4 protein chains.
Amino acid sequence: MCRFICYRGPEILLADLLYRPANSLIRQSFDAKERSEPLNGDGFGIGWYTPQINLTPCVFASVTPAWSNQNLRRLSEHVKSGCLFAHVRAASPGLRVSEANCHPFEYGRFLWMHNGVVRDFSRIKRRLRASLPDHLYNNIGGTTDSEHAFALFLHLLGDTERICSADEIGQALVETIGQLERWAAEAGISGPSYCNFAVTDGQSVAAVRYVSDPTLKPASLYCSTGGKYECRHGVCKLCDCCASEKTIIIASERLTSDEKNWIRIPPNHVLTVAPDLTVNVEPMDVSRIDFHRDGQKQVGPIESAAASARSC
Amino acid sequence: MCRFICYRGPEILLADLLYRPANSLIRQSFDAKERSEPLNGDGFGIGWYTPQINLTPCVFASVTPAWSNQNLRRLSEHVKSGCLFAHVRAASPGLRVSEANCHPFEYGRFLWMHNGVVRDFSRIKRRLRASLPDHLYNNIGGTTDSEHAFALFLHLLGDTERICSADEIGQALVETIGQLERWAAEAGISGPSYCNFAVTDGQSVAAVRYVSDPTLKPASLYCSTGGKYECRHGVCKLCDCCASEKTIIIASERLTSDEKNWIRIPPNHVLTVAPDLTVNVEPMDVSRIDFHRDGQKQVGPIESAAASARSC
Amino acid sequence: MCRFICYRGPEILLADLLYRPANSLIRQSFDAKERSEPLNGDGFGIGWYTPQINLTPCVFASVTPAWSNQNLRRLSEHVKSGCLFAHVRAASPGLRVSEANCHPFEYGRFLWMHNGVVRDFSRIKRRLRASLPDHLYNNIGGTTDSEHAFALFLHLLGDTERICSADEIGQALVETIGQLERWAAEAGISGPSYCNFAVTDGQSVAAVRYVSDPTLKPASLYCSTGGKYECRHGVCKLCDCCASEKTIIIASERLTSDEKNWIRIPPNHVLTVAPDLTVNVEPMDVSRIDFHRDGQKQVGPIESAAASARSC
Amino acid sequence: MCRFICYRGPEILLADLLYRPANSLIRQSFDAKERSEPLNGDGFGIGWYTPQINLTPCVFASVTPAWSNQNLRRLSEHVKSGCLFAHVRAASPGLRVSEANCHPFEYGRFLWMHNGVVRDFSRIKRRLRASLPDHLYNNIGGTTDSEHAFALFLHLLGDTERICSADEIGQALVETIGQLERWAAEAGISGPSYCNFAVTDGQSVAAVRYVSDPTLKPASLYCSTGGKYECRHGVCKLCDCCASEKTIIIASERLTSDEKNWIRIPPNHVLTVAPDLTVNVEPMDVSRIDFHRDGQKQVGPIESAAASARSC
């Protein structure tokens, strides 16, 4: 279990997001509020986009804790971006702390992060890997369930060179979970998986808050939308001052104490952010996903989201 | 503020001390019980003696957290020693996380650790360094108050090649604090210093539990003595079974839940362990130490320790 | 391509082997003599046995270069062992420098190292992985051809809990290469593989010097045998003084300048060291190995080694 | 002894400078051409300016070798700057490989790098430190001669908040060497110091090629000037195509094979680059520098540079 944040909006200084909020991700690296274990000290990673320089994201990751990493601190005071993924890791038992296991994972234009655990992943790992085409199979560099789920997502998405819509990305995300669940069922795995995934191509973002067993509470996930994110005099917030600008932050925990501005994403819902920053939140219906090995995919209709969720 | 342990006794497997106790030092690296901040994740170090191979200690240190370090885990399952120092660090604000700043510090046959902070150290750092002979001045590799205090200790001890008695080591430890306090007074530093220091030459051990202001509570420090330390069926304890063997453990926190076997070292007391493992606990009287710049040292009589402390 | 050494004999101080010889492995980490590229700076690892403490080996590895690693230097001056594997890595292009990719690899009582490259490994990786039982499949932590070859070796060896003879280990080593070659042939891979593998269970050792194409020169590999290895006044050598003791060193390069004491292992030969330190060198005949997918293995007769080789 | 480069000119992608030239700095990290020892694998650092975001430079440094650092590779493909310092380190014997010892060193708006060695530095270290004001004394985080020389430079420069001219920076650089030499003379140090220093505030740059003993050859240092630096089809060069743009590269070794475009900086000359990219090369006359302890400084006239140098 880990903590993460996604940012899409006008270019901001990374430090304003990573260090300055009262409950910043750096704070969450040693003092997370909404996990039973407050520590996320098993390495970290950030990925950001500078589309004027390079369409692929820039990833910086390390096995040392985020709170003491001086390179991270310095980069954060010198880099601005309009699309940031950042993750602090609490390694699942038995999984190695290594750069290869640090999120976000990258592939081409895509970044991927995970907060949670794919239950008994070693029991479906072979099937997952066997399903992958060579270029994705051989690209896997670490041992996490998270990176393997990313490879599955990329496979389900299809041509990763093509520009996909936020809907397509969101649907592939839901299918990824559907496929993981089908394999888990086939393997007789009964325990629940927690899959708060987030993915972006630098333009669109999709994120899910998911747990296999609907009687359980998934890991926390929030979103906040507004005009522009600003830190002034030590207070960071999304203000609505700028009608011409839109911003969305998706985060495992509320970064700031203005609770009314943070909306809890409902369990088993998928959130998408389009390139124009239009946000959509809808329930996932993984039970209705039918996955055919011949490559045809059929996704059940995504039902309209709860009113409370839509307002995010 | 950090956490540490010292072990002197029959050779034991390091893992039995570092990993197996319910409140092991590895546990304390992320979940310390007797600090307001439970985290000691800014690197770690261990130092142990194998006198049949080398009279100097072997130090293994890293900037990664102790809980996830695989080299530490493997070494701990393969190394035995009769004298171990181990330390998990919570870096003081502004001090770098680096191997050069990891405790224990070594010099010749000596190891040194610190849990605490020398208040406003930067204001006495120049005076301290200026007082050092070249070989100690040039040996300093990091930036901590702790390592500088070690250099001062070595200077006050005199010839570090000579075998010193536990008493001599203990007295030099008290003098070190006395000198730090005098410089602090001269610099007009009013805030309190916390100086739980531990030092060994592989044979003798000395440790202090100290805070400048007697109205304040020093950082926690315990000791436990017995025949032999053993871990059986997941329970670790010092048993009194072996009349022929003696063991002493000094630790920032009780490692095990058998509280009656752990004695809290009284504030501003110094504990010494002689090569024959005789333990002595006595009050420090730093106010009576008189330090002359010309090299003459005059130490006030160390008074007899409180009965409760002696029983450790 | 990398450099490695294996030591079996009376307990010695690791530094005497790793640091003191004129052409020590540490020297080879930045100035290897028998590779076109002298640098092996992509991390390192050592594994040693302390059978009185633990039957499994102790592995210490790091991604930093061996020449500057202070933990390695200190450990080497404080640890003695009668069975050591040590490796300095030059990462193959495209393979990550990470601890998970550092040799030696361990599994139970076994250690494994590789100097060379399995040609176009990504084209046979899926087949190799698919052939593995779950416990070996899921144990793979890195991405190297070397670690995968080790998993294949363990699978071919069978029950890894059982004590195997040096012959059995040597045969499994040859079968491993045979299987890799068969898969390479099936995949249409034409380029040569270089497979200087070494493996030990702490008692027996087996090593091969191998290249697929007999018209090419395999990577260098030497052995030296004698009574006892000693470093005196800066000169290290295997002396014949001690009739009661035997020692064997296997190394990618001669450690010392007494060239007559180092025998070049002939191309495509396998060397085995039995627990009583009896050494045997024999030609491999991989072409005669017949591997049946149903688990039956049939190994052709190993022919008598060349006289020059036997004398090692 | 190390290798470094400085870039001032139009914004360029860092990878074009660090990775793409035939003899790039990354290449020099393992295969330097103009040092007897080709290896500079003891960590690295880069510092660059993004004045539209932050007036201080962004430093990224690591103890791992530059050639295998994935964070460096990724950053280099995503960051552009008009002022870059980059350094690959070959640690002097006895000096620790640590992030605190990686160049470039930073202070406020300044960056500082060194290729060389201040002879017997430990014999003048105390005097140097004693001469520093507290804010510089306490800012030193490592143990290198290089970082201490930087502190001395900053002290001699005076108010580091003020914008200095390139001349002032160059003069302070020469004074720094003058002061080091005077202390060396007073300490009876006879061996030569090698001081190729480079310093920038993001606008101006100054660099020296210096050895104490004029009968010896200082470490190599080159400069190249032109319109715009470009990498096309694998060939990098400074072209003169763009009359409106100026670029200067200062480097320990020629990055490209167009030798005529690289000018060797004459021994004991100082090169300055003004904010408008005007370049000046002049001989240093350290013998004429008179340093008064009361803070008054008197610098002898800098003589006109050799014609060959001026053309750089």
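Overview of the structure. Source: prediction; values computed, not measured.

The rules we used
Residues numbered from 1 in each chain as written. Chains lettered and ligands numbered in written order. Predicted model: local features only at pLDDT ≥ 70, side-chain atom pairs only at ≥ 80, totals over all residues. Heavy atoms only, no water. Pairing = 2+ DSSP bridges. Helix = DSSP H or I, 4+ residues; strand = E, 2+ residues; numbered from the N terminus. Buried < 20%, exposed > 50% of the residue type's maximum accessible area, 1.4 Å probe, protein only. Phe/Tyr/Trp six-rings, centres within 6.5 Å; stacked < 30°, edge-to-face > 60°. Lys NZ or Arg CZ within 6 Å of the ring centre and 35° of its normal. Least-squares fit on C-alpha atoms with pLDDT ≥ 70 in both. Contact = heavy atoms within 4.5 Å. Expected span 1.5 Å × (residues − 1). Buried area = accessible area lost by both parts, 1.4 Å probe. Salt bridge = Lys/Arg side-chain N within 4 Å of Asp/Glu carboxyl O. Polar contact = N/O pair within 3.5 Å; in protein donor to acceptor, adjacent residues only side chain to side chain.

Overview of the sheet that holds strand β9 (residues 222–226) of chain A
Residues and elements named next belong to chain A. An order of β3-β2-β4-β1-β12-β9-β13 is seen for the seven strands of this open sheet, with the pairing classed as antiparallel. Here the strands that pair on one side only, and so sit at the sheet edges, are β3 (54–62) and β13 (263–264). With four bridges connecting them, strand β1 (residues 3–13) and strand β12 (residues 247–251) associate as antiparallel partners. The partner of Tyr7 across the bridge, within β12, is Ile249.

A closer look at the pairing of β1 of chain A
Residue and element names in this part refer to chain A. With ten of eleven residues buried, β1 is to be regarded as a mostly interior element. Of the strand pairs in this sheet, β1 and strand β4 (residues 80–88) are connected by eight bridges, and their pairing is antiparallel. Residue pairing in the sheet places Cys6 in a bridge with Phe85 of β4.

Some points on the packing of aromatic side chains
For the structure on display, the rule yields 30 aromatic pairs over all chains. Aromatic pair Phe110 of chain C and Phe153 of chain C: ring centres 6.2 Å apart, planes at 70 degrees, arrangement edge-to-face. Of this pair, Phe110 of chain C sits in strand β6 (residues 110–117) while Phe153 of chain C sits in helix α6 (residues 145–157), and the two are 43 residues apart along the sequence. For the pair Phe110 of chain C and Phe153 of chain C, one class covers both residues: buried. The rings of Phe110, Trp112, Phe150, Phe153 and Phe197 of chain A are connected pair by pair, giving a single aromatic cluster. Lying over the aromatic face of Tyr137 of chain C, Arg126 of chain A brings its terminal NZ or CZ to 4.3 Å of the ring centre. The positively charged end of Arg129 of chain B is found above the aromatic ring belonging to Tyr137 of chain B, 4.4 Å away from the centroid.

Considerations on the relation of the copies chain D and chain B
It takes a turn of 180 degrees to lay chain D on chain B, together with a shift of 0.0 Å along the axis; the resulting RMSD is 0.0 Å. Here the transformation between the copies is reduced to the relation of a two-fold axis. By C-alpha distance to the rotation axis, the residue of chain D lying nearest is Gly142 of chain D, at 3.3 Å. Of all interface residues in chain D, 100% are interface residues in chain B too; the two copies therefore contact each other through one and the same surface.

Overview of helix α6 (residues 145–157) of chain B
Residue and element names in this part refer to chain B. Taking 1.5 Å of rise per residue, the 13 residues of α6 would be expected to cover 18 Å, and the 18 Å separating its terminal C-alpha atoms lies within 8% of that figure. The buried count for α6 comes to twelve of 13 residues, which makes it a mostly enclosed element. Of the positions making up α6, those classed as buried are Asp145, Ser146, Glu147, His148, Ala149, Phe150, Ala151, Leu152, Phe153, Leu154, Leu156 and Leu157. Downstream of α6 by one or two residues, Gly158 has phi in the positive range, about 90 degrees.

Topic: the interface of chain D and chain A
Taken together, the 20 residues of chain D in the interface contact 20 residues of chain A. Around 1,700 Å² of area is buried between chain D and chain A when both sides are counted, 54% of it from carbon and sulfur atoms. Broken down residue by residue, the surface that chain D buries against chain A is led by Ile53, Arg74 and His78 of chain D, which jointly contribute 36%. Counting the contacts that link chain D with chain A gives two salt bridges. If you look at where chain D meets chain A, you find ten residue pairs in polar contact (both at pLDDT 80 or more). Those elements that provide at least two residues to the side of chain D that touches chain A are β2 (44–50), β3 (54–62) and α3 (70–76) of chain D.

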